[in-house]
Amino acid sequence: KVNLLRYHPSANNVLASTSSDNTVKVWDVEAGQEMSTFEGMHDLCQDLVWDYKGDNYATSCKDKAVRFVDARAAKVSNKISQAHDGIKGVKVVYMGESGKVLTTGHSRASGRE
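**Digging into unusual backbone geometry**
Phase 1: We note that Lys64 has phi near 75°; this positive angle belongs to a residue other than glycine.
Phase 2: By the secondary structure assignment, Lys64 is in the loop between strand 6 (56-61) and strand 7 (66-70).
Phase 3: Notably, Ala74 is not glycine yet its phi reads approximately 55°, a positive angle.
Phase 4: Along the chain, Ala74 falls in the loop between strand 7 and strand 8 (75-80).
Phase 5: Ala74 sits in the buried class, given a relative accessible area of 14%.

In C-alpha cells:
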C-alpha cells in the first residue's frame, strides 16, 4: 500500500513514494521504472520531503526518527534519532536554499513543538 507521493522539485518525471513495507522508492514515471529503494526505516513513514535541489530527501517515521537520505545512493547521510518525544506524527520542511530543516511534532504531554 502506498502512503505518500512526492514529486521531485527539479527533475521531470521523478517521483518518490513511501509504502507500508517501510521503504521509499524513487521512480522514473515516464519509463515506469524504479530508480532506487531505501529500506532503512524501521516503522511507518509519516512524512517525506525533498530538499531544494532534489539531491536528498528527509523522512519522519513512527519510530520518532528523522532520516536524511541521499536520493541517488539510497543511504542515510544524517539522522535525528528522536526529533520529538510525543506519539503523534512529525512533519519535516526544508527551509529553501539554506539547507536547514524545520520539524514539527508534539511533546510527551501532547504539547506542540
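**Section: the packing of aromatic side chains**
Phase 1: Inspection of the entire model under this criterion finds two aromatic pairs.
Phase 2: With centroids separated by 6.5 Å and ring planes inclined at 75°, the aromatic side chains of Phe68 and Tyr94 adopt a geometry described as edge-to-face. Taken together, the positions of Phe68 in strand 7 and Tyr94 in strand 9 (residues 91-94) put the pair 26 residues apart, joining distant regions of the chain. The pair formed by Phe68 and Tyr94 is uniform in burial state, with each residue classed as buried.

The rules behind each value
Residues numbered from 1 in each chain as written. Predicted model: local features only at pLDDT ≥ 70, side-chain atom pairs only at ≥ 80, totals over all residues. Heavy atoms only, no water. Helix = DSSP H or I, 4+ residues; strand = E, 2+ residues; numbered from the N terminus. Buried < 20%, exposed > 50% of the residue type's maximum accessible area, 1.4 Å probe, protein only. Phe/Tyr/Trp six-rings, centres within 6.5 Å; stacked < 30°, edge-to-face > 60°.

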